[in-house]
Amino acid sequence: MPLNPQLDTLSDYPFEALRTLLNPVTPRVNDPPILMSLGEPQHQPPPLLAETLAANADKWNQYPPMNGTPELRRAIADWLTRRYRLPAGALEPDKHILTLAGTKEGLYLFSSLVVPREKRGQQPVVLVPNPYYLVYNGAATMAGAEAVFLDATRDNRFMPDLAAIPRATLERAALFYLCSPANPQGTIASLEYLKQAIRLAREYDFVLAVDECYAEIYDRAPPPGALEACAALGDDFENVVVFHSLSKRSSAAGLRSGFVAGDPRLIGHYAHLRSYGGCQVPLPVQAAAAALWRDEAHVEANRDRYRRKFDLAEEALAGRYGFYRPDGGFFLWLEVGHGEEAALRLWRDAAIRVLPGGYTARAAAGRPNPGEPYIRLAIVHDEATLSAAFERIRRVL
Ligand SMILES: Cc1ncc(COP(=O)(O)O)c(C=O)c1O
C-alpha cells in the first residue's frame, strides 16, 4: 500500500514509547499508581463552562463557522488586548484571529500553510526547539521541510540560542516553532528574546509561530507574548502568529478550544486552507470558550493552586536532581542521569509514571539527545498525591 514516505521520519509518539517501556513491568509495591507522565490538568474547569454549554444546547444542529463566531473572536481580541497591553484596536477579530479545535491541530496544519516546496532553491527548514512538543517535528517533516533542532539546555537557560543559528540555516528557514513558557522546561522567553526572534523572522523572511499555550500558568511574572513584542517594536504583526488554548488556562483540555492570532495576511490564507482541512468547533463550545476568555477569576484561582504545588515540589526536591522552580507551565524537569532508567525504576519501585526526557527531544547534528539525562513530571495532582509522589521519588532515586 503506498504511504507518504515522510511517515518513516516520525518517531513514536512519546506516550507510545512510554507504554512500550513500562507496560511489561509490574510495580513491586502496592502503592496506588501515580501518573505524572501526561500533562493533563486535574483541576475542574469553572461551572461557567457547563452552564454556557447548557444555555447553548439548542445549537448542536447548526454547522459552526470555521473561523469562529464573531462573539468568540471578539472575546479573544479583548483578552489579548488586556493581557498583553496591546494598543486599543490593534487587533480586529475578523482579520487577526481564527479559532481552533485546540492548538494541537492548528499547530500541525500551520506548516502546510507556510512551508514552500523550496526556499532559495533548497529544501526549506523548520526550526524546532529541542526538547520540543512532538507536533512541531511532525508538522515540519510532513510538510516536506527539514526540521533543524535548536538545543535548549541548562547552558542556555533552556531557550534556544538565537545568535547561534547559522546564517545558511536562517536563509532556508520557512517557519520557527517557539514555545514559551516552554514545555517541558518551563522557561519564559523574555520580551527582548521575543523581539530578537521577530527581527530574525523579518530579516530572513520566515514565520515565527509562538506556542503560548502555557502562558497563563506562571509563578511570579506573567510571560510576555510575541504580539506584545511586536507592539513593543512599534510595528504590526508581520511574520508572527501566536497559539493559545483553554486546555491549561481553564483546565478544559476536553473542550478542544484554542486560537491562532497575528499577521492578518497569514490569518487570511490560513482561513482559506482551513476551509479545506481545519476542524470546526461546535457552537455551544464556542459560546463556552467566549465565556471562559472573558473570565479571569477562575484563571487566578487555578494559577494559585499550581503555585502551591510548586511550593510542595520545592520543599521536597530542592537541592536534588538539579531541581529548579520553573517560571511557567506545570512540569518539573529533573536531571537524574539517565531518564529512561529513572522512569523504569520509578515505575517498578514506586508505581510512579514519568516521561523520560529523551522521548521529547532527539539527538541531532552529532550532538547527544539533550533530554536524555532528564525526566519530565506533570505537577497536576492534588497536594496529598503530590506529597506522596515526592516522598516516593526521594526514596527510590
Ligand atoms: C507545548 C504544547 N503545545 C500545544 C499543546 C496542545 O494543546 P491543546 O491542543 O489542548 O490546545 C500542548 C498539549 O499538551 C503542549 O504541551
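Residues numbered from 1 in each chain as written. Predicted model: local features only at pLDDT ≥ 70, side-chain atom pairs only at ≥ 80, totals over all residues. Heavy atoms only, no water.

Here the focus is the overall build of the protein chain. For the protein chain, the count of helices and strands is 15 helices and 12 strands. Projected onto the principal axes, the alpha-carbon positions of the protein chain cover approximately 55 × 55 × 50 Å. Within the protein chain, the fraction of its 397 residues that count as buried is 57%. Sequence separation of at least 24 residues holds for 78% of the intrachain contacts in the protein chain that already meet a minimum separation of 6. Put simply, the protein chain shows about 16,600 Å² of open surface, and 51% of that area lies on carbon and sulfur atoms. When the 43 positive and 46 negative side-chain charges of the protein chain are each reduced to one mean point, those points stand 1 Å apart. (Helix = DSSP H or I, 4+ residues; strand = E, 2+ residues; numbered from the N terminus. Buried < 20%, exposed > 50% of the residue type's maximum accessible area, 1.4 Å probe, protein only. Contact = heavy atoms within 4.5 Å. Areas by Shrake-Rupley, 256 points an atom, 1.4 Å probe, with all protein chains shown as cover. Lys, Arg positive; Asp, Glu negative; His and termini not counted. Charge placed at Lys NZ, Arg CZ, Asp CG, Glu CD.)

Any empty space left between the atoms is revealed when a probe the size of a water molecule rolls over them. Put simply, the largest pocket is a space of about 550 Å³. Every residue lining the largest pocket is counted, 29 residues in all, and those nearest its centre are Leu38, Gly39, Tyr133, Tyr214 and Lys248. Broken down by secondary-structure element, the contributors of at least two residues to the lining of the largest pocket are α1 (14-22), α5 (103-114), α6 (134-142) and α10 (246-249). Examining the composition of the lining of the largest pocket, we find that 3 residues originate from one element, α5, more than from any other. Of the residues belonging to the lining of the largest pocket, the class tally is 16 nonpolar, 7 polar and 6 charged. (1 Å grid on protein atoms, 1.4 Å probe; cavity = no way out; pocket = protein on both sides within 12 Å on 5 of 7 lines; lining within 4 Å. Points joined across faces, edges and corners; volume = space filled by probe spheres on them. Nonpolar A, V, L, I, M, F, W, Y, C, P; charged D, E, K, R; others polar.)

Note that Asn369 resides in the loop between β11 (355-356) and β12 (374-378). Here Gly358 takes part through its backbone oxygen, which lies 3.1 Å from a polar atom of the side chain of Asn369. A distance of 2.7 Å separates a polar atom in the side chain of Asn369 from the backbone nitrogen of Gly371. If sequence neighbours within four positions are ignored, Asn369 has contacts with Gly358, Ala361, Arg362 and Ala363. (Polar contact = N/O pair within 3.5 Å; in protein donor to acceptor, adjacent residues only side chain to side chain.)

We now examine unusual backbone geometry. Pro181 follows Ser180 through a cis peptide bond whose omega is -10°. Relative to the assigned elements, Pro181 resides in the loop between β5 (173-179) and α8 (191-204). A cis amide bond links Asn183 with the next residue in sequence, Pro184, at an omega value of 15°. Along the chain, Pro184 falls in the loop between β5 and α8. Even without being a glycine, Arg120 presents a positive backbone phi close to 50°. By the element assignment, Arg120 lies in the loop between α5 and β3 (125-130). The phi dihedral of Arg157 falls on the positive side, at around 55°, and the residue is not glycine. Assignment of secondary structure puts Arg157 in the loop between β4 (146-151) and α7 (167-172).

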